[in-house]
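Listed here are the chains, written in short residue letters.
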Amino acid sequence: MRDRELIADLRGRLTEAGLSGSFLVRNLDTGQEIALDPDVVYPIASLVKVPLAIAVLDQIRLGRLDGARQLAITPDPDPGSATPPVGIGRFTHPARIAIDDLVYLAVSISDSAAADALFALVPPTEVDRVLTDAGIKGIAVRHQMRDLLNVFGTEPGPEGLHLAHALAIGARTPGGGHPVASLDVSRANTGTARALADLLQALWTPSALHPRVAARVRALMRDGVLQRRLGPDFISDATGWASKSGTLLNLRHDAGVVEHEDGETYAVVALTESAVPADAQPAVDAVIGRVARALHDHLRGL
């Protein structure tokens, strides 16, 4: 009864904030969990960079790629093309960057241009296969990160950004279809809160993933720079926190692991959609964090 009452209250908080969402918190030691609609499929935006990192690091482990190999990175010459918010996609001069460092940029900085340089080496079908071989189901990897920028094609400007958000909110079908491919669950990189919790479980506990690969991805997630949603509610001197966020128009996601001093470890996943046509939504992000924290505290207190 307490679980149902909590879920109903949290669902009301999300609705009041203009959000719909899928949340799951799992004790990684016991498997006990609490969730809100955890099996809804969402486009996962930059969360796909975690499976990408796993696949690339596994290729390095097997000797099929050399992590020290430097790739030539050339800035996009088209001044009208959409510019990534961070990373090497904003460079103005050519550079050479090692594969190992591109993995760091893709996960810890959420650099989409770095991720696409890695996708050129390990394509989406291969990343998808690595997940399947590891027994991780429910995540589909179908396209590179540049397809997310191609939602705009060119720099949208403030008015265009507002219109893009309005399109994202208003054009989705009840079955998850959308005229924008990267928002359509049949064409986008997709996953569920449960599947992403399974991915975190495979990274933090013994699994089919090689221990060296899992340890490296955990370290990259601990170094994550973007902490706008779940981070403020979980980062403290008494806990470790490792996470990856994903944002695309009205999609606002976060997936991470909180490690307590007493040894308990929890996966926390939030996949959400906002009905507010705005890019900067700090109050909405705060609600996402508070809902996730409430679920975590409830589960930890059982």
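Just so it is clear, the structure is predicted and the values come from calculations on it, not from any experiment.

What counts and what doesn't
- Residues numbered from 1 in each chain as written.
- Predicted model: local features only at pLDDT ≥ 70, side-chain atom pairs only at ≥ 80, totals over all residues.
- Heavy atoms only, no water.
- Salt bridge = Lys/Arg side-chain N within 4 Å of Asp/Glu carboxyl O.
- Helix = DSSP H or I, 4+ residues; strand = E, 2+ residues; numbered from the N terminus.
- Buried < 20%, exposed > 50% of the residue type's maximum accessible area, 1.4 Å probe, protein only.
- Pairing = 2+ DSSP bridges.
- Axes fitted to C-alpha atoms, helices over the stretch in contact; angles between N-to-C directions.
- Contact = heavy atoms within 4.5 Å.
- Phe/Tyr/Trp six-rings, centres within 6.5 Å; stacked < 30°, edge-to-face > 60°.
- Polar contact = N/O pair within 3.5 Å; in protein donor to acceptor, adjacent residues only side chain to side chain.
- Parallel < 35°, antiparallel > 145°, perpendicular 65-115°, else oblique.
- Left-handed = near helix turned anticlockwise from the far one by under 90°.
- Nonpolar A, V, L, I, M, F, W, Y, C, P; charged D, E, K, R; others polar.

## Observations concerning the pattern of salt bridges
Moving on, step 1. All chains considered together, the criterion is met by 17 salt bridges.
Moving on, step 2. Glutamate 33 is the salt-bridge partner of arginine 194, the closest N and O atoms lying 2.6 Å from each other. Remark: glutamate 33 occurs in strand β2 (residues 33–36) and arginine 194 occurs in helix α8 (residues 193–204); sequence separation between them is 161 residues.
Moving on, step 3. Judged by relative accessible area, which is 29%, glutamate 33 ranks as partly exposed.
Moving on, step 4. Close ionic contact of aspartate 116 with arginine 146 constitutes a salt bridge, the shortest N to O distance being 4.0 Å. Placement of aspartate 116 in helix α4 (residues 112–119) and of arginine 146 in helix α6 (residues 146–149) is noted, with a sequence separation of 30 residues between them.
Moving on, step 5. According to the relative accessible area criterion, arginine 146 is partly exposed, its value standing at 44%.

## Section: the sheet that holds strand β8 (residues 251–260)
Moving on, step 1. Spatially, β2-β1-β9-β8-β7 is the arrangement adopted by the five strands of the open sheet, whose pairing is antiparallel. The open sheet has two edge strands, β2 and β7 (239–248), and neither has a second partner. Shown here is a sheet whose adjacent strand axes are inclined to one another by a mean of 10°, direction ignored.
Moving on, step 2. Here β7 pairs with β8 via ten bridges, running antiparallel. Its bridge partner being in β8, tryptophan 241 is matched across the sheet by valine 258.
Moving on, step 3. Packed onto the sheet, helix α1 (residues 2–16) meets β1 (19–27) and β2 and runs at close to 40° relative to β2.

## Regarding the packing of aromatic side chains
Moving on, step 1. Taken as a whole, this structure holds one aromatic pair when the rule is applied.
Moving on, step 2. Summarising the aromatic geometry, the rings of phenylalanine 234 and tryptophan 241 are spaced 5.0 Å apart at their centres and angled 10° between planes, so their arrangement reads as stacked.
Moving on, step 3. Residue classification places phenylalanine 234 among the buried positions, given a relative accessible area of 1%.

## Quick notes on the pairing of β8
Moving on, step 1. Burial analysis of β8 places ten of its ten residues in the buried class, the great majority of the element.
Moving on, step 2. Neither face of β8 is left uncovered, since the one carrying Leu251, His253, Ala255, Val257 and Glu259 and the one carrying Arg252, Asp254, Gly256, Val258 and His260 both have all their residues buried.
Moving on, step 3. Here β8 runs beside strand β9 (residues 265–274); their pairing, made up of nine bridges, is antiparallel. If you follow histidine 253 over to β9, its bridge partner there is leucine 271.

## Looking at the side chain of threonine 239
Moving on, step 1. With respect to the secondary-structure elements, threonine 239 resides in strand β7.
Moving on, step 2. A distance of 3.0 Å separates a polar atom in the side chain of threonine 239 from a polar atom in the side chain of serine 236.
Moving on, step 3. Setting aside chain neighbours within four positions, we find threonine 239 in contact with Phe234, Val258, Glu259 and His260.

## Structural notes on unusual backbone geometry
Most peptide bonds are trans, and most residues other than glycine sit at a negative phi.
Moving on, step 1. In the Ramachandran plot, aspartate 37 falls in the positive-phi region, its phi being about 50° despite a non-glycine side chain.
Moving on, step 2. As for its placement among the helices and strands, aspartate 37 is situated in the loop between β2 and β3 (42–43).
Moving on, step 3. By relative accessible area, which is 34% here, aspartate 37 ends up partly exposed.
Moving on, step 4. Even without being a glycine, alanine 45 presents a positive backbone phi close to 50°.
Moving on, step 5. Looking at the secondary structure, you find alanine 45 in the loop between β3 and α2 (49–61).
Moving on, step 6. Note on alanine 45: relative accessible area 4%, which makes it buried.

## Section: the packing of helix α3 (residues 99–108) against helix α9 (residues 211–222)
Moving on, step 1. With their axes 8 Å apart at the nearest point, α3 and α9 run at an angle of 50° to one another. For the element pair α3 / α9, the angle class is oblique. Judged by the sense of rotation from one axis to the other, the crossing of α3 with α9 is right-handed. Counting all contacts with α3, which are made through Asp100, Val103, Tyr104, Val107 and Ser108, the residues of α9 involved are Arg216, Leu220 and Met221.
Moving on, step 2. Among the residues making up the contact of α3 with α9, the classes are represented as five nonpolar, one polar and two charged.

## So, the side chain of glutamine 227
Moving on, step 1. Among the secondary structure elements, glutamine 227 is positioned in the loop between α9 and α10 (231–234).
Moving on, step 2. In this structure glutamine 227 comes out as buried when scored by relative accessible area, which is 19%.
Moving on, step 3. Polar contacts involving the side chain of glutamine 227 include one to the side chain of serine 243, which spans 3.3 Å.
Moving on, step 4. Among all residues touching glutamine 227, those that are not within four sequence positions of it are Pro232, Ile235, Trp241 and Ser243.

These figures come from the coordinates and say nothing about function on their own.
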